[in-house]
Amino acid sequence: MAEHKKEIDKLSGVETTGHEWDGLKELNNPLPKWWLYLFYATIVWSVGYWVLMPSWPLVSDYTSGLLGHSQRANVHREFEAAMSERAETGNQLMEASLEEIRSTPELLEFALASGGAAFADNCAPCHGTGATGFEGYPNLQDDVWIWGGSMDDILQTISYGVRSEHPDTRFGEMLAFGRDEILNDDEISAVANYVAAELAGTEPEDGADLDTGATVYMDNCAACHGDEGLGSKELGAPNLTAPNYLYGNRVEAIEAQVNNPRHGVMPPWIDRLGETTVKSLAVYVHSLGGGQ
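If you're wondering where the values come from, they're calculated on a predicted model, not measured in any experiment. (Residues numbered from 1 in each chain as written. Predicted model: local features only at pLDDT ≥ 70, side-chain atom pairs only at ≥ 80, totals over all residues. Heavy atoms only, no water.)

1. A short note on the overall build of the protein
Rules: What counts as a helix is a DSSP run of H or I of at least four residues, what counts as a strand is a run of E of at least two, and both are numbered from the N terminus. Each radius of gyration reported is based on C-alpha atoms, and the globular scaling rule is 2.2 Å times the count of residues to the power 0.38.
Each helix and strand in the protein was counted, giving twelve helices and two strands. When the elements of the protein are put in sequence order from the N terminus, they spell out β-β-α-α-α-α-α-α-α-α-α-α-α-α. In terms of C-alpha radius of gyration, the protein reaches 37 Å, well past the compact-globule figure of 19 Å for 292 residues. Projected onto its principal axes, the C-alpha coordinates of the protein cover approximately 125 × 55 × 40 Å.

2. Re the confidence of the model for the protein
Formally: Confidence of the predictor in every single residue is expressed as pLDDT, which spans 0 to 100.
In this model, the protein carries a mean pLDDT of 90, and residues with pLDDT of at least 70 account for 97%. Ranking the elements of the protein by mean pLDDT puts helix H2 (residues 71–95) last, at 79, and helix H8 (residues 210–220) first, at 97.

3. Here we look at the side chain of arginine 170
Our working definition: With a 1.4 Å probe rolled over the protein chains alone, any residue whose accessible area is under 20% of its type maximum counts as buried; one over 50% counts as exposed, and the rest are partly exposed. The contact definition used throughout considers only heavy atoms, calling two residues in contact when any of these lie within 4.5 Å.
With respect to the element layout, arginine 170 can be found in the loop between helix H6 (151–160) and helix H7 (185–200). The class of arginine 170 is buried, set by a relative accessible area of 15%. Residues contacting arginine 170, with those up to four places away along its chain left out, are Trp147, Asp153, Gln156, Thr157, Gly161, Val162 and Arg163.

4. Let's talk about the pairing of strand S2 (residues 24–27)
The cut-off we apply is this: Strands are labelled as partners when DSSP assigns at least two bridges between them.
In the sheet, strand S1 (residues 16–21) pairs with S2 via three bridges, with the strands oriented antiparallel. Each residue of the ladder has a partner; that of tryptophan 21, found in S2, is leucine 24.

5. Examining the pattern of salt bridges
Oppositely charged side chains may form a pair once their charged atoms are brought near each other. What counts here: Here a salt bridge means any side-chain nitrogen of Lys or Arg lying within 4 Å of a carboxyl oxygen belonging to Asp or Glu.
The full count for this structure, using the stated rule, is six salt bridges. Among the ionic pairs, arginine 262 bridges to glutamate 135, the shortest N-O distance being 3.3 Å. Separated by 127 residues along the polypeptide, arginine 262 in the loop between helix H10 (251–259) and helix H11 (270–273) and glutamate 135 in the loop between helix H5 (124–127) and H6 bring together distant segments of the chain. Under the relative-accessibility criterion, arginine 262 is labelled partly exposed at 43%. Residue class for glutamate 135 comes out exposed when judged on its relative accessible area of 54%.

6. Details of the nonpolar core
Note the threshold: Grouping buried Ala, Val, Leu, Ile, Met, Phe, Trp, Tyr and Cys residues that are joined through side-chain atoms within 4.5 Å yields what is termed a nonpolar core.
By size, the foremost hydrophobic cluster in this structure holds 25 residues, and its most contacted members are Ile101, Phe119, Ile158 and Val285. Among the elements of the structure, helix H3 (98–103), helix H4 (105–122), H6 and helix H12 (275–287) are those that each provide at least two residues to this core. Among the elements that line this core, the one with the most residues is H12, at six residues. Look past the residues within four positions of phenylalanine 119 in its chain and what remains in contact with it is Ala124, His127, Gly128, Thr129, Ala131, Leu140, Leu281, Tyr284 and Val285.

7. Remarks on unusual backbone geometry
Leaving glycine out, the prevailing phi sign among residues is negative, and the prevailing peptide bond configuration is trans. The phi angle at arginine 163 is positive, at roughly 55 degrees, despite the residue not being glycine. With respect to the helices, strands and loops of the structure, arginine 163 is situated in the loop between H6 and H7. Its identity as a non-glycine residue notwithstanding, glutamate 181 has a phi of 60 degrees, on the positive side. Tracing the sequence through the fold places glutamate 181 in the loop between H6 and H7.

8. Brief notes about the packing of H4 against H12
Our working rule: Throughout, an axis means a line fitted to C-alpha atoms (over the contacting stretch in the case of helices), and angles, computed between N-to-C directions, take values from 0 to 180 degrees. Each angle receives one of four descriptions, namely roughly parallel if under 35 degrees, roughly antiparallel if over 145, roughly perpendicular if within 65 to 115, and oblique otherwise. Just so you know the grouping, Ala, Val, Leu, Ile, Met, Phe, Trp, Tyr, Cys and Pro go in nonpolar, Asp, Glu, Lys and Arg go in charged, and all remaining residues, Gly too, go in polar.
Where H4 meets H12, the closest approach of the two axes is 7 Å, and the angle between their N-to-C directions is 90 degrees. With respect to each other, H4 and H12 are oriented roughly perpendicular. Note on element contacts: H12 touches H4 through Thr277, Ser280, Leu281, Val283, Tyr284, Val285 and Ser287, opposite Leu108, Ala111, Leu112, Ser114, Gly115, Gly116, Ala118 and Phe119. For the contact of H4 with H12, the class distribution of residues is nine nonpolar, six polar and no charged.

Okay, here's the thing in structure tokens:
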């Protein structure tokens, strides 16, 4: 048998294996020893993993491995532990007063997290994700609160709603001065211009009779909104000197509201969400910055 003659590649100076394809010769560059040992180690590791851990799919099941490890079981245990801890904190929250919640860091953190999630799921569609409201839906970040902005007031409003079917709901309705013919068109125009100019701080119409408007206001509106237009929390009468009017503070919008007012409705949440979540919502909404 003829002895194999070594052939050295002229360009690289590396010995060839003797294999050649279309004039291309294969160089004899073996893999580094460390790489080979690492590769062999991964093979040994994989065999051990197949035996010890769940790995092979079967027809309707899978091999569970000698260690009986289950990621699903681990997640289930962690979930149960988290739910148990949450239930314990929730019980503390339900038993604590609003002031105790605000003064206890652990309860406050829990309430803000829970309340924020509940707000996003239930309140944001009306009040907005940033709680700044829309036309007909109050801005919860300002200082204008028809029914009061303390945590107790907010809790009451969230729990039982506004003009809802709950027996403890907040309730207040403005008379339809035009629709029910309590005032005529000229009187409505006059009082709307008066409110715009003297209370809302917006421009009245040219030639508006503000004196007549003042008289109409004192005779018909002051009983609820007050002589100075500061409103009444007990009656749910808005502060007319505040910048945020639910339906607009221009003359046309005020006329429309005096003529045939719109009355927003907020549902009661106490039965839907439960006492713990409603408390959390009250704390969260108060924390937005507008609460008093």
